[in-house]
Amino acid sequence: MRRSERALRTLCRTTLKGLDLDLPLDVTQLCERYGERRGRPIRLIAHPLPAGVPNGIWLAATDADYFFHQAHTSRLHRDQIVIHEFGHLIAGHQILGEVSAQGLDALTQDESTAALRRTCYSDDAEWEAEMLASLILGWAEDASTGVGSTAAHDELRGLQRLLGGHRGWL
């Protein structure tokens, strides 16, 4: 059952609140901070994904969550792929059972390609992940328009936020 846009906005705000993310948005920082908060790392892995499979895959292993993304793409597209997979994660859309990191390493190319081809979500799950990604990217863009980049110095950073420099961001 598809969640409402309002429910997804609430989920997104709750998930991102307190992560103290910099602007412009860095997807590596997003995944690191969220992984630290929940005590389970998110690892980003560039992989030359074969034709006929999605550009990104989330795989929950026993030691971490792995976001595989197409290696042969632009940084902007990579960021969109990763944030889409992040949307699946926070929405709880896991479709594959957990595997061990050793199990990932042991897969042959043919086995991994076959596993990726079986990976698919319902239309509702895809819509939710895409909506969550759009919310995150939209909020980050709105906030970046107001401030540009987050100050590197902690005191300036706090002042920047106090003065509303992260308008639209959490």
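Anything mentioned here points back to the structure above.
Since the structure is predicted, the reported quantities are computational estimates derived from the model, not experimental observations.

A.B. asks: What should I look at first to understand the sheet that holds strand 1 (residues 42-47) in this one?
C.D. replies: Working definition: the strands of a sheet are paired by backbone hydrogen bonds and lie parallel or antiparallel to each other. Read across the open sheet, the three strands follow the order 1-3-2; overall the sheet is mixed. Two strands in the sheet have a free side with no partner beyond their single neighbour: strand 1 and strand 2 (56-60). Strand-to-strand, the axes of this sheet are offset by a mean angle of 20°, without reference to chain direction. Bridge count for strand 2 against strand 3 (residues 65-70) is five bridges, and the pairing is antiparallel. Counterpart to Gly 56 in the pairing with strand 3 is His 69. Here helix 2 (residues 27-38) sits on the sheet in contact with strand 1 and strand 3, set at roughly 145° to strand 1.

A.B. asks: Where do I start with the nonpolar core in this structure?
C.D. replies: Phe 67 and Phe 86 are the most contacted members of the largest nonpolar core, which totals 28 residues. When residues of this core are assigned to their parent elements, the largest contribution, seven residues, is made by helix 6 (residues 123-147). Among residues more than four places away in sequence, those in contact with Phe 67 are Cys 31, Ile 42, Arg 43, Leu 44, Ile 45, Ile 57, Trp 58, Val 82, Glu 85, Phe 86 and Leu 89. Residues Ile 57, Leu 59, Ala 61 and Phe 68 belong to the second largest nonpolar core, which totals six residues.

A.B. asks: Hey, could you run me through unusual backbone geometry in this one?
C.D. replies: Glycine aside, residues mostly have negative phi angles, and peptide bonds mostly take the trans form. Here the residue pair Leu 23 and Pro 24 is connected by a cis peptide bond, since its omega of -5° sits within 30 degrees of zero. Residue placement: Pro 24 occurs in the loop between helix 1 (5-16) and helix 2.

A.B. asks: So what exactly am I meant to see when it comes to the pairing of strand 3 here?
C.D. replies: Within a regular strand, side chains alternate between the sheet's two faces. Where burial is concerned, most of strand 3 is hidden: six out of the six residues are buried. Note that strand 1 and strand 3 share six bridges and pair parallel. Bridging from a neighbouring strand, Arg 43 pairs with Tyr 66 of strand 3. Taken together, strand 2 and the strand that follows it, strand 3, pair antiparallel across an intervening segment of four residues.

A.B. asks: Any chance you could explain the packing of aromatic side chains here in plain terms?
C.D. replies: Aromatic rings considered in pairs are described by the distance between their centres and by the relative angle of their planes. Tallied over the entire structure, the rule returns two aromatic pairs. Judged by centre distance (5.3 Å) and plane angle (80°), the ring pair of Tyr 34 and Phe 86 falls under edge-to-face. Of this pair, Tyr 34 sits in helix 2 while Phe 86 sits in helix 3 (residues 75-91), placing them 52 residues apart in sequence. In this pair, the class of Tyr 34 matches that of Phe 86, namely buried. Above the ring of Trp 139, the side-chain terminus of Arg 13 is found at 4.4 Å from the ring centroid.

A.B. asks: Help me out: how do you make sense of the environment of Ala 140 in this one?
C.D. replies: Its place among the elements puts Ala 140 in helix 6. Taking the relative accessible area as the measure of exposure, Ala 140 reaches 5% and is therefore buried. Taking C-alpha positions, Ala 140 is 6.9 Å from Pro 24, a pair spaced 116 residues apart along the chain.

A.B. asks: Explain the packing of helix 1 against helix 2 to me, please; I cannot follow it from the model alone.
C.D. replies: Packed helices, taken two at a time, are described by the angle between their axes plus the distance between the axes. Interhelical geometry of helix 1 versus helix 2 gives an angle of 80° and a closest axis separation of 10 Å. As far as their axial angle goes, helix 2 and helix 1 are roughly perpendicular. On the side of helix 1, the interface is formed by Thr 14, Thr 15 and Leu 16, while helix 2 contributes Leu 30, Tyr 34 and Arg 37.

A.B. asks: What am I meant to see in the pattern of salt bridges here?
C.D. replies: Pairing between side chains of opposite charge can happen when the charged atoms of each approach one another. Under the definition given, this model contains six salt bridges. A salt bridge links Asp 124 to Arg 2; its shortest N-O distance comes to 3.2 Å. Here the residue Asp 124 occupies a position in helix 6, and Arg 2 occupies one in the segment before helix 1, the gap between them amounting to 122 residues. The partly exposed category is assigned to Asp 124, whose relative accessible area is 26%. Taking relative accessible area as the criterion, Arg 2 reaches 38% and is therefore assigned partly exposed. A salt bridge links Arg 38 to Asp 65, with the shortest nitrogen-to-oxygen separation between them at 2.2 Å. Separated by 27 residues along the polypeptide, Arg 38 in helix 2 and Asp 65 in strand 3 bring together distant segments of the chain. In this structure Arg 38 comes out as partly exposed when scored by relative accessible area, which is 32%. By relative accessible area, which is 2% here, Asp 65 ends up buried. A cluster of three or more residues bridged by salt bridges with shared partners is formed by Arg 38, Arg 40 and Asp 65.

What counts, and at which threshold
Residues numbered from 1 in each chain as written. Predicted model: local features only at pLDDT ≥ 70, side-chain atom pairs only at ≥ 80, totals over all residues. Heavy atoms only, no water. Pairing = 2+ DSSP bridges. Helix = DSSP H or I, 4+ residues; strand = E, 2+ residues; numbered from the N terminus. Axes fitted to C-alpha atoms, helices over the stretch in contact; angles between N-to-C directions. Contact = heavy atoms within 4.5 Å. Core = buried A, V, L, I, M, F, W, Y, C linked by side-chain atoms within 4.5 Å. Buried < 20%, exposed > 50% of the residue type's maximum accessible area, 1.4 Å probe, protein only. Phe/Tyr/Trp six-rings, centres within 6.5 Å; stacked < 30°, edge-to-face > 60°. Lys NZ or Arg CZ within 6 Å of the ring centre and 35° of its normal. Parallel < 35°, antiparallel > 145°, perpendicular 65-115°, else oblique. Salt bridge = Lys/Arg side-chain N within 4 Å of Asp/Glu carboxyl O.

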